[in-house]
Amino acid sequence: MARPAKKPLSKKKPKVLAYDLGGTKVSVGVIDSSGKILASHREPVLISQGKKATLDQLARLGLEMIKQYPEIEVAGIASAGPLDPERGDLLDPTNFKGPDGPWGRTPITSILKKRLKIEVVLENDAASALLAESWQGLAKKFRNSMILTLGTGLGTAFICNGRLVRGGNSSHTEAGHMMIIQDDESALCGCGNYGCAEAYLSGKFFAHRARKRLKNDQIDAVQIAARARRGEKAALALFDEYSGHMATTLHNCYRIFGPEIVILTGSFAAAYDLFIPQTQEKLRYLMRRYLDLTGPLPEIQVSTLENQAGLLGGAYIALQKIGAL
Ligand SMILES: [Zn+2]
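Residues numbered from 1 in each chain as written. Predicted model: local features only at pLDDT ≥ 70, side-chain atom pairs only at ≥ 80, totals over all residues.

**Looking at the confidence of the model for the chain**
Going by this rule: Scored from 0 to 100, pLDDT records how confident the predictor is in each individual residue. The helix and strand labels rest on DSSP assignments: H or I over at least four residues marks a helix, E over at least two residues marks a strand, and numbering proceeds from the N terminus.
Mean pLDDT over the chain works out to 93, with 97% of the residues at or above the 70 mark. At the level of individual helices and strands, the chain shows its lowest average pLDDT in helix α9 (residues 291–294), which scores 81, and its highest in helix α2 (residues 108–116), which scores 98.

And the structure:
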């Protein structure tokens, strides 16, 4: 009997499973090594039902995708932190609290590895978004980049000379808790300190400051932005203050890491027209003595990946794990 012909080497692009796990929504998708999203699904995350319900949900969503794409060998999770990317553990994420209390240290990668029967890797969501930007988005052309995620919190990540910046013990950098004005009692941060960049720049804290200033408990960030676009002075003043704190934050980051591009993402980035031009002007002022010496200041741009950056970032770390990138 003739031996079966040797199976030709597959020309197919490797596919991976990716998760984008946040405090309110979870996305899961299948992405190939060219960055094409072949399938994706998004739903509210079951954190309010507890840790077990959430982990069951992640396993169920992953298994449904693996059923359609049985060739998948690895999954990457982009998650809200804090977390330990090297060990693959969540470290009691700030916004993960259910009826059974805070999550504590949760070995999410080993739990899902058992349930999905594939390798699982983990990365901070801001870091994942920046890796996605350098793979498929605005940071592609740059070796030095940074991202600010302007949502409930202020996520930050930096790529320096082509590599993601890590702290000691493989920790993720938390520049959102860099202090802008120490002991500013008007700016209590979620971390318990006063005057962190996050306490001025996250969408949640911007709205919080604005409500106090405008003496209006109901107004949200979208409504304040609409008022500013109509030219209302009090609303414009809030964005002017915001751009000052943004310029200080970017100045400090620029002095340390020298990014060539700053990418803004998260829901509050939609108000970019109300603060980017002023931020650029204030940053130029803060750098005035060195403008001719240090080269151009970083471009400040809003991400074009919309809400896919988390999934693409999860896919990126998974593809790296199997050596496909
Ligand atoms: Zn803080």
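**Examining the sheet that holds strand β11 (residues 145–150)**
Stated formally: Paired strands, as defined in this entry, are two strands with at least two bridges between them according to DSSP. Here contacts are defined at the residue level, using C-beta atoms placed from the backbone and a cut-off of 7 Å between them. In this description, a line fitted to the C-alpha atoms serves as the axis of each element, helices being fitted only across the stretch in contact, and the angle between N-to-C directions of two axes falls anywhere from 0 to 180 degrees.
With mixed pairing, five strands are arranged side by side in an open sheet as β13-β12-β11-β14-β15. Of all the strands in the sheet, just β13 (163–164) and β15 (299–302) have a single pairing partner and so form its edges. Summarising the sheet, strand β12 (residues 154–160) and β13 pair through two bridges and their orientation is antiparallel. Within the sheet, the bridge partner assigned to Ile159 lies in β13 and is Leu164. Set on the sheet, helix α3 (residues 125–136) makes contact with β11, β12, β13 and β14 (261–265); between it and β11 the angle comes to about 130 degrees.

**As for the nonpolar core**
Counted only if it meets this: By our criterion, buried Ala, Val, Leu, Ile, Met, Phe, Trp, Tyr and Cys residues that link up through C-beta atoms within 7 Å make up a nonpolar core. Three exposure classes are used, all based on how many other C-beta atoms lie within 10 Å of a residue's own C-beta (placed from the backbone): buried at 20 or more, exposed at 12 or fewer, and partly exposed between those limits. Each domain's limits were defined by an automated method or a database of domain assignments.
Counting residues in each nonpolar core, the largest one holds 84 residues, and the members touching the most others are Val16, Ala18, Tyr19, Ala75, Leu130, Ala315 and Ala318. Ranked by residue count, the leading element in this core is helix α7 (residues 233–257), at nine residues. Taken together, domain 1 (15–124 + 308–321) and domain 2 (138–304) each give at least three residues to this core, which thus spans both. Setting aside its immediate chain neighbours within four residues, Ala18 contacts Gly29, Ile31, Ala75, Gly76, Leu311, Gly314, Ala315 and Ala318.

**As for helix α8 (residues 276–286)**
Convention followed: Within this analysis, the arc is defined by the directions that extend from the helix axis to the C-beta atoms.
Buried within α8 we find Thr279, Lys282 and Leu283. Relative to the axis of α8, the buried residues are bounded by an arc of 105 degrees and lie together on one face. The outward face of α8, more than 90 degrees from its buried face, is lined by the exposed residues Pro277, Glu281, Arg284 and Tyr285.

**Quick look at helix α1 (residues 51–68)**
Applicable threshold: One less than the residue count of a helix, multiplied by 1.5 Å, gives the span that helix is expected to have.
Between its first and last C-alpha, α1 extends 26 Å over 18 residues, near the 26 Å set by a 1.5 Å rise per residue. Taken together, the buried positions of α1 are Lys51, Thr54, Leu58, Gly62 and Met65. Summarising the axial view, the buried residues of α1 lie within an arc of 70 degrees, below the 170-degree limit, and thus occupy one face. Turned more than 90 degrees off the buried face of α1, the exposed positions are Lys52, Arg60, Glu64, Lys67 and Gln68.

**Quick notes on the packing of α7 against α8**
What counts is decided by this rule: The scheme is simple: roughly parallel for angles under 35 degrees, roughly antiparallel for over 145, roughly perpendicular for 65 to 115, oblique for anything else. Left-handed describes a crossing in which the near helix is turned anticlockwise from the far one by less than a right angle; the clockwise case is right-handed.
Two numbers describe how α7 lies on α8: the axes approach to 8 Å, and their chain directions differ by 45 degrees. In terms of their interaxial angle, α7 and α8 are classed as oblique. As α7 runs across α8, the sense of the crossing is right-handed. Residues Asp240, Ser243, Gly244, Met246, Ala247, Leu250 and His251 of α7 form the contact with α8, whose participating residues are Gln278, Thr279, Lys282, Leu283 and Leu286.

**Overview of the pairing of strand β1 (residues 15–21)**
Burial of β1 is extensive: seven of the seven residues sit out of reach of the surface. The sheet contact formed by β1 and strand β2 (residues 25–32) spans seven bridges and is antiparallel. Each residue of the ladder has a partner; that of Val16, found in β2, is Ile31. Two successive antiparallel strands, β1 and β2, enclose a turn made up of three residues. By the bridge criterion, five bridges tie β1 to strand β4 (residues 74–79) in an arrangement that is parallel. Each bridged residue has a counterpart across the sheet, and for Tyr19 the counterpart in β4 is Ile77.

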